[in-house]
Amino acid sequence: MNARMAGLRARLRGFAFGGDYNPEQWDRAVWDEDVALMRRAGVNLVTLGVFAWASLEPEPGRFEFGWLDEVMDLLHAGGIAVDLATPTAAPPVWLSHGHPEVLPVMEDGKTFGFGNRLHYDPTSPRYRQHAARITTALAERYSGHPALAMWHISNEYGPIAYTPGAAAAFRDWLRRRYGDDLDALNDAWYTRFWSQRYTSWDQVAPPELPRSWSNPARRLDFQRFASDALRECFISERDIVRSYRDDLPVLTNFMRFYRHADYWRWAAEQDAVALDIYPDPGRDDSRVAAALNFDLMRSLRGQPWILMEQAASAVSQWRVNNVKPPGRMRLGSYQAIAHGADSVMYFQWRASRGGHERFHSAMLPHSGTGARTWREVEALGAELPRIAEALGSGSRAEIAVLFDWDAWWGLETAYGLPRNDFDYPGMVTDHYRPLLEGHFAADVVSFDSDLSRYRVLVVAGAHLVSDGFVARLERFVAAGGTLLCSYFCGVVDPHNQVRQPAYPGAFRGLIGAYIDEYWPARDGETFEVRFADGTTSVCDWWQESIHPESARAVAWYASGSLSGRPAVIQNPFGSGRVVYVGTRLPPATLHDTVLATVRDAGVAPLVEAAPDFVEAARRGNEHAEFLFLLNHSDTRTARVAVPAPGVDLLTGVAVGDHVSLDPLAVAVIRTERQRQPAAT
Amino acid sequence: MNARMAGLRARLRGFAFGGDYNPEQWDRAVWDEDVALMRRAGVNLVTLGVFAWASLEPEPGRFEFGWLDEVMDLLHAGGIAVDLATPTAAPPVWLSHGHPEVLPVMEDGKTFGFGNRLHYDPTSPRYRQHAARITTALAERYSGHPALAMWHISNEYGPIAYTPGAAAAFRDWLRRRYGDDLDALNDAWYTRFWSQRYTSWDQVAPPELPRSWSNPARRLDFQRFASDALRECFISERDIVRSYRDDLPVLTNFMRFYRHADYWRWAAEQDAVALDIYPDPGRDDSRVAAALNFDLMRSLRGQPWILMEQAASAVSQWRVNNVKPPGRMRLGSYQAIAHGADSVMYFQWRASRGGHERFHSAMLPHSGTGARTWREVEALGAELPRIAEALGSGSRAEIAVLFDWDAWWGLETAYGLPRNDFDYPGMVTDHYRPLLEGHFAADVVSFDSDLSRYRVLVVAGAHLVSDGFVARLERFVAAGGTLLCSYFCGVVDPHNQVRQPAYPGAFRGLIGAYIDEYWPARDGETFEVRFADGTTSVCDWWQESIHPESARAVAWYASGSLSGRPAVIQNPFGSGRVVYVGTRLPPATLHDTVLATVRDAGVAPLVEAAPDFVEAARRGNEHAEFLFLLNHSDTRTARVAVPAPGVDLLTGVAVGDHVSLDPLAVAVIRTERQRQPAAT
Amino acid sequence: MNARMAGLRARLRGFAFGGDYNPEQWDRAVWDEDVALMRRAGVNLVTLGVFAWASLEPEPGRFEFGWLDEVMDLLHAGGIAVDLATPTAAPPVWLSHGHPEVLPVMEDGKTFGFGNRLHYDPTSPRYRQHAARITTALAERYSGHPALAMWHISNEYGPIAYTPGAAAAFRDWLRRRYGDDLDALNDAWYTRFWSQRYTSWDQVAPPELPRSWSNPARRLDFQRFASDALRECFISERDIVRSYRDDLPVLTNFMRFYRHADYWRWAAEQDAVALDIYPDPGRDDSRVAAALNFDLMRSLRGQPWILMEQAASAVSQWRVNNVKPPGRMRLGSYQAIAHGADSVMYFQWRASRGGHERFHSAMLPHSGTGARTWREVEALGAELPRIAEALGSGSRAEIAVLFDWDAWWGLETAYGLPRNDFDYPGMVTDHYRPLLEGHFAADVVSFDSDLSRYRVLVVAGAHLVSDGFVARLERFVAAGGTLLCSYFCGVVDPHNQVRQPAYPGAFRGLIGAYIDEYWPARDGETFEVRFADGTTSVCDWWQESIHPESARAVAWYASGSLSGRPAVIQNPFGSGRVVYVGTRLPPATLHDTVLATVRDAGVAPLVEAAPDFVEAARRGNEHAEFLFLLNHSDTRTARVAVPAPGVDLLTGVAVGDHVSLDPLAVAVIRTERQRQPAAT
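Analysis parameters
- Residues numbered from 1 in each chain as written.
- Chains lettered and ligands numbered in written order.
- Predicted model: local features only at pLDDT ≥ 70, side-chain atom pairs only at ≥ 80, totals over all residues.
- Heavy atoms only, no water.
- Least-squares fit on C-alpha atoms with pLDDT ≥ 70 in both.
- Contact = heavy atoms within 4.5 Å.
- Buried area = accessible area lost by both parts, 1.4 Å probe.
- Salt bridge = Lys/Arg side-chain N within 4 Å of Asp/Glu carboxyl O.
- Nonpolar A, V, L, I, M, F, W, Y, C, P; charged D, E, K, R; others polar.
- Domains from an automatic or database assignment.
- Helix = DSSP H or I, 4+ residues; strand = E, 2+ residues; numbered from the N terminus.
- Axes fitted to C-alpha atoms, helices over the stretch in contact; angles between N-to-C directions.
- Parallel < 35°, antiparallel > 145°, perpendicular 65-115°, else oblique.

## Some thoughts on the relation of the copies chain A and chain C
Between the two copies of this chain, the relationship is a rotation about some axis together with a displacement along it. Of the transformation placing chain A onto chain C, the axial shift is 0.1 Å and the rotation is 120°, giving an RMSD of 0.1 Å. The transformation relating the two chain copies, once decomposed into turn and shift, fits a three-fold axis.

## Observations regarding the interface of chain A and chain B
Taken together, the contact between chain A and chain B spans 61 residues of the former and 52 residues of the latter. For the pair chain A and chain B, the summed buried surface comes to about 5100 Å²; carbon and sulfur atoms form 49% of the total. Linking chain A with chain B are six salt bridges, by the criterion used here. Across the pair Asp284 of chain A and Arg522 of chain B runs a salt bridge whose closest N-O atoms are separated by 2.9 Å. Among the residues forming the side of chain A that touches chain B, the class breakdown is 26 nonpolar, 22 polar and 13 charged.

## Quick notes on the domain arrangement of chain A
All names here are of chain A. As far as domains go, chain A holds domain 1 (1-43 + 273-389), domain 2 (44-73 + 83-248 + 258-267), domain 3 (399-600) and domain 4 (614-672). Its C-alpha centre places domain 1 at a distance of 26 Å from the equivalent point of domain 2. Contact with domain 1, which involves 31 residues of that partner, is made by 30 residues of domain 2. Here domain 1 and domain 2 share an interface that buries about 2400 Å² over both sides, 57% of which is from carbon and sulfur atoms. On the surface where domain 1 and domain 2 come into contact, there are two salt bridges. Here Asp246 ties to Arg4 by a salt bridge, and the two come within 3.2 Å at their closest N and O atoms. Of all the secondary structure elements, the ones that give two or more residues to the side of domain 1 that touches domain 2 are α1 (3-12), β1 (16-21), α2 (28-41), α11 (286-301) and β8 (306-309).

## Overview of the packing of helix α14 (residues 405-412) of chain A against helix α15 (residues 424-437) of chain A
All names here are of chain A. Where α14 meets α15, the closest approach of the two axes is 9 Å, and the angle between their N-to-C directions is 120°. Judged by the inter-axis angle, α14 sits oblique to α15. Across the interface between the two elements, Ala407, Trp408, Leu411 and Glu412 of α14 pack against Tyr424, Pro425 and Met427 of α15. A class-by-class count of the residues in the contact of α14 with α15 yields six nonpolar, no polar and one charged.

Next comes the structure, spelled out in structure tokens:
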């Protein structure tokens with residue numbers, strides 16, 4: 001546990017509860033009511049100033065801190081700590097009006113203008129200079145303020161620009177990456193194809209609008225560069241606030257499955273991971289991807305994390321913005337905690353009266369304290385202290401799921417694959433879902449993670465893999481680990497070049513087979529797969545022509561062009577084994593395949609025989625373990641056998657060998673620690 | 001009745017019948033045939049010169065009037081009056097070639113080029129200067145021509161541009177609107193949100209291409225500005241032609257449900273309202289929106305109006321351009337007259353041989369006088385004089401439907417609503433349809449209209465309302481009026497800011513309830529609504545969590561998240577009452593709800609018990625009343641009971657207590673006036 | 001037969017077999033393996049250097065020919081001839097980096113950048129100058145090389161640009177076309193409409209982004225200009241290589257149904273026609289359009305042609321790139337030969353390791369000689385010599401199908417038709433399909449072709465027709481020919497202007513009827529058509545109101561608005577007759593109508609009573625005839641009666657009165673010539 005975060009935890013003495021607070025949107029008279037209602041709701045932390053640049057620096061270099069002084073004082077007097085944001089996500093109009101070159105230009109040449117947010121090119125020196133100035137001014141003024149508990153650097157760092165400045169920055173990045181060796185870049189980008197060889201660095205540029213398709217390695221490197229450029233912006237502001245005071249956590253807020261920034265690299269630069277997440281209440285299954293994101297956030301640093309933004313009810317960015325029905329917001333909040341969050345925070349405290357997000361829900365809605373949403377927020381604030389003991393607790397998993405940004409970019413950045421509608425987060429989620437529904441704990445790993453502490457690894461969509469990862473994977477399996485691997489993995493290297501002499505490239509040894517053809521299905525085409533036990537299922541979308549070498553088939557195609565060929569194989573490898581799934585199994589079959597693999601590897605679920613709509617997660621510390629059980633059904637009651645007796649912290653009722661959960665109910669069952677402590 | 005229009009009516013001595021005439025597309029030899037065939041068809045008015053700028057002024061300042069002199073003389077000799085157009089809707093190539101800055105630039109930065117029409121920025125001083133010159137030259141030359149009967153200013157004024165010039169004009173407009181007070185603009189635009197505060201006027205600009213979503217109040221004001229800018233163009237040309245001769249009507253042609261110009265404000269600047277309308281023959285229900293547009297046109301000035309353009313058969317702008325089957329063009333023409341039109345005019349007289357609209361139908365088709373379309377045009381021209389007595393007659397309604405451009409812009413201009421697929425004209429049409437199908441006469445009103453002469457007001461989609469309208473509405477209901485109001489009304493003020501302290505803002509008192517949540521349905525979700533009489537219907541799309549204060553429920557949700565809560569409520573308010581419909585009722589249920597409300601208010605239909613596919617409308621003058629009955633079915637005969645005996649002017653046959661209408665048939669039943677005259 | 005092609009044929013002594021070879025993508029060590037495997041596969045011709053510009057001229061004017069010298073020598077030593085490409089389809093980065101004005105700008109103002117291919121404006125003098133230099137250098141160096149057998153000019157010439165340079169070139173082209181007479185252009189473009197008259201040439205420009213729709217004649221001329229501009233690029237490079245050596249074939253590779261270049265005009269500039277074709281294995285019917293393209297390629301010069309590129313299996317440009325199942329690649333290769341190809345060539349020899357096309361299949365796949373694709377390629381290479389006798393043979397047809405680029409552009413270039421979802425190649429394919437399924441041989445003709453040698457002409461989608469074609473058509477029918485003609489033909493002239501005085505304009509005499517209305521169906525609308533024999537079928541999409549003059553009806557509408565009116569008519573015209581189909585018949589009915597028409601004209605199929613999934617084609621020379629029979633079903637065996645006994649060249653087995661074909665099987669039945677030789 002990071003010492004700065006330990007300080008914050010000690011200060012808050014409980015789960016952080018609060019949200020974005022934008023007093024600059026309201027008259028002074030409202031502020032007193034805000035603080036009073038925050039106290040009533042149990043708020044102990046607010047994020048201040050996220051979009052306040054224009055209020056703080058209305059003209060270049062002229063600062064107006066009076067209002068913020070007063071708000072900080074008011075909050076402090078109310079016992080509410082402040083997560084102070086640098087306001088650099090939304091530059092004032094004077095910046096883009098005076099310096100239009102800071103505006104972002106997109107790949108198709110369009111320039112985004114002022115009047116939204118993220119209307120800046122993150123590589124712009126001018127932007128960075130102004131961002132540094134306001135950051136410095138804030139740090140200088142507020143580093144010593146007693147309300148200050150944490151720094152929130154900018155907000156939801158977004159995509160990159162295709163400006164001339166970005167091109168120059170990209171070239172610099174490439175020179176570093178390729179050791180100033182243009183031939184190395186030519187090789188990496190395979191510029192031998194389509195006459196793309198560069199002979200001087202100044203010819204190199206970001207991907208340009210292509211007549212049809214552009215160089216896949218160039219696109220990939222630009223994604224990597226863009227991710228690094230965004231992280232640089234964070235680091236430069238972080239270093240400024242640290243230079244004034246070094247004992248507070250500094251972080252920015254991540255987003256759900258955000259493609260443009262490699263959060264593994266980024267998390268290492270922060271004191272803790274923080275997540276903004278808005279699962280769509282309009283979809284029945286949004287809890288699955290949410291759980292995976294939560295596990296990813298916990299795994300990024302192997303520590304509890306901060307749920308920085310969620311909606312009290314509806315959002316405002318979709319065509320249809322559904323509300324969260326009664327109980328859903330509470331359930332989603334506990335789901336985050338179950339997977340390692342040490343906070344429940346919202347965007348935002350009070351619903352805006354105008355602006356784009358005027359109908360985004362808030363802790364305090366337009367219709368005020370009479371509204372259902374307020375009542376649920378208030379009730380949750382009152383309830384959270386009951387589980388305060390779980391704060392800071394860790395978790396342990398014997399299964400890990402790969403989620404890696406290079407793998408993502410390899411599968412989705414470039415066109416030209418056998419099929420081009422891959423959805424990397426979707427594929428990983430599909431393979432994670434059986435674990436969630438089967439009540440197995442899972443961590444998330446990257447290409448660079450230590451795999452040795454797991455028993456089972458689930459790899460999906462890893463079309464691109466690094467040599468280091470392959471080597472680690474081979475050691476992992478050779479040492480007795482179990483690998484479950486999806487189709488189309490291992491095929492290309494980190495330059496998007498096909499590994500030879502045969503498919504699946506780097507994974508040929510692991511899976512004990514070569515593949516001579518990837519065989520995407522026609523639209524609407526299905527084919528039967530028959531398992532050794534005689535069960536069959538109907539697959540679609542993808543096939544492979546697998547030629548086992550050391551592997552043996554577990555399932556075969558029973559119809560279609562590949563009838564009789566293996567669809568799922570199993571390969572012994574050292575002391576371990578690999579299950580390779582060469583087609584897209586239907587969810588129920590994938591569920592059975594994943595869970596059989598996991599059980600064969602000797603891993604036990606957190607609870608046995610619970611319905612799949614109940615979610616289970618466990619946190620623990622040196623004294624106790626906390627089993628979270630969440631009933632995601634809004635109609636069915638669930639009876640769940642629990643592994644050890646304890647007490648449901650939310651009700652204070654003792655739990656024996658089972659617990660019964662009403663629809664949307666949550667139980668947090670505390671048991672005394674009996675085994676070695678879970679990792680923190 | 002406007003004196004200038006009275007002059008025109010006296011001159012034409014009957015319904016105007018004719019169309020756009022473009023002799024500049026044809027050789028001289030064709031003109032004589034044109035006039036001969038016009039006479040054969042009964043044409044008495046043609047619109048001349050709409051797209052003739054390049055023919056009249058082939059080079060800047062060099063005019064070629066000879067051909068137009070000859071055409072005017074020929075028409076006059078043929079007894080055909082001329083509606084002379086200023087040709088400013090399609091500037092010649094020399095304008096945009098010589099001054100590319102007059103070309104319109106769109107929000108995404110694309111510039112539209114020469115070669116279509118409306119290829120100009122209406123705020124461009126250069127464009128306006130050249131438009132004034134050709135207008136002046138035309139007025140000077142033709143004001144005294146005996147054929148001249150009306151001025152037609154430009155054509156179908158279209159949308160606005162995002163040029164630097166438009167930005168400057170927008171800033172000037174804003175300074176006037178906000179009294180040169182930038183703080184007032186900052187407040188109105190809620191620039192406190194997302195750091196959008198302006199500190200000098202030169203920073204303010206039209207909405208720029210946003211990375212995601214832009215400021216809703218800024219978009220709204222830009223719509224208002226654009227509407228005003230277009231109207232300015234009209235006014236400046238109108239004033240020129242008026243300065244030469246002041247006794248002729250001057251107007252431009254409006255369009256069906258045209259979003260970018262507030263026709264209420266515009267109509268006040270014209271001598272009469274004129275409409276171009278092209279109901280899609282490919283849709284079964286296009287007559288409903290047509291009728292609403294007709295009623296809107298009549299209501300804009302409370303006077304008979306001019307059907308300026310319709311198609312003789314197919315148009316040419318859609319993917320599929322369906323023809324009007326036999327009888328449909330005649331029926332649609334009488335429908336316009338029934339709702340107040342004093343003309344039947346077409347685009348265009350003779351089908352073009354080339355150009356984009358070469359397959360747009362015409363009075364005289366490509367295949368000539370042998371074509372069915374010609375025969376139907378000729379027959380209508382011969383028939384119209386039979387109802388000449390109805391010319392200039394007015395109408396009277398006890399019901400009014402709100403159609404307001406600010407309401408429209410408030411619902412559709414900006415993203416970020418609970419759902420973002422609102423269709424304002426569609427919502428109004430849905431609520432108007434029951435009146436049409438139930439044979440009730442209705443006027444249309446705006447936020448600024450006098451409501452006191454109505455008994456029932458139907459308000460739909462008025463998410464944005466002005467304070468003045470709310471006050472007038474409250475007086476109207478308090479004085480005994482009935483208000484039927486759709487969901488999501490009254491919520492925001494004219495700056496798109498949410499009215500507080502609770503939903504539905506300005507309408508809380510009227511509906512006698514507050515709402516704590518707007519609750520859009522998931523895609524595909526439905527829910528049952530049960531009425532007090534036990535009938536049920538299946539709704540979708542929208543719900544609200546209504547908390548009655550003084551209202552009582554009329555219908556309740558019987559399934560879904562809001563089961564048991566009120567869906568439709570009724571509130572006594574002063575001497576009147578309000579029916580508030582908080583969900584999207586299916587058409588049949590909305591039909592029943594609207595008609596029950598209207599009947600409860602003591603309003604009677606024009607005819608009783610006619611089938612819903614028969615349309616009824618009544619016009620009247622001091623001598624007689626004219627009951628129009630139109631059978632819109634092409635398969636069913638209708639028997640309609642008529643309220644008073646009379647004579648069918650089209651057949652000359654006496655009508656007793658009922659009339660029988662063949663498929664697509666029309667009757668115009670004249671009865672002697674027995675009551676006070678209808679308003680004119 | 002072109003003498004240069006005769007030389008090539010003599011040199012290859014068999015069908016050309018090979019593909020694109022890109023040694024610049026591979027290290028030197030791979031080249032020896034390449035040549036060895038080429039020999040093993042029977043490769044005798046490779047296309048070299050298509051995308052090698054950057055490898056040959058890494059900096060402006062500095063050439064690196066060493067590697068190509070070595071490759072040419074190696075191939076020559078291996079007995080493999082070279083089709084040497086000018087590499088001008090993919091300019092090196094130094095060209096567009098140093099001269100950004102060579103980049104293509106699209107109609108909407110977007111510029112395509114470097115990093116794909118075809119990133120040049122074909123009208124750019126700078127581009128042409130550099131293209132000429134590399135072409136000259138290649139010709140100078142390799143014209144005398146013994147491996148050189150053919151020149152391949154550039155690659156798949158693509159669309160045009162909207163740069164200022166293109167505008168200037170377009171103006172020059174127009175001045176030539178209209179004899180420097182601006183009035184002629186104004187007339188042709190019907191600029192009388194919408195005020196588009198030009199008064200000086202510098203005002204004229206390519207179609208600009210229109211607010212709604214642009215001038216249809218302007219769009220049409222720009223298409224013609226674009227086609228000519230591309231052809232000019234070809235000609236200028238062709239003339240350079242010819243100036244060094246005049247005895248080798250020079251050509252470029254055409255594409256399937258390529259809209260932007262008129263291949264009739266282009267083919268006349270080449271020594272032979274070459275085609276790249278990638279029928280989608282994901283569609284069941286892609287063989288029909290393939291056959292039509294093959295017949296088109298043969299007809300363009302009335303000679304055998306070169307299948308220059310096909311895929312060994314999957315391509316990489318679609319969302320889903322399906323593989324060719326076993327046997328399909330062989331079948332498709334024989335299909336091309338059956339329709340006149342003298343080669344089987346592929347893109348490409350060895351699968352790329354990187355770049356956009358890394359997953360495009362190749363003769364030598366990623367997984368090497370163990371892959372199924374390689375085995376099929378190798379087997380085909382070994383089998384082709386068995387039919388070597390058929391090389392150079394011609395064919396003869398009594399039926400011709402019109403496929404003309406002006407007709408295409410007339411139907412699809414401009415909006416504003418009664419419906420705007422016409423698909424010209426699709427319409428022609430629909431009318432060609434019955435001939436293919438009925439085993440009739442067909443040629444393809446243009447507006448300018450000699451029609452006199454045919455007995456039946458099938459014209460579909462010829463909305464635009466030239467006067468010359470109409471005259472030729474009338475002579476053809478008057479002289480006893482049979483014309484089958486689809487709806488909406490003959491309507492406009494080559495300026496997209498409607499022919500008058502009545503529809504269908506130029507075809508009124510031929511069809512013996514006038515039409516007063518084109519009557520597109522509503523979406524989803526159907527109507528019954530009843531034939532004289534009482535059979536009925538359900539049509540949709542299109543109707544016409546036909547008024548027979550000399551024609552008689554063959555089928556009538558039995559429902560819908562036109563019930564009772566003729567749907568299909570037949571007209572005697574001179575000694576011949578015309579069958580006019582005024583609606584879109586369903587495929588089975590169109591099949592019967594076309595085949596009845598053809599049989600009534602006395603034309604016999606190649607084989608009688610074979611199933612429709614068997615394709616038949618015949619080639620012949622002075623000694624023998626070769627009947628190709630291809631079973632396109634992958635499940636059904638076919639028994640086919642053959643007209644004369646012979647020998648199946650593929651099996652060496654004698655064939656009596658019939659042959660039995662397994663699924664996907666091919667037979668090439670040689671019979672001694674008994675009649676006069678087929679045309680070559």
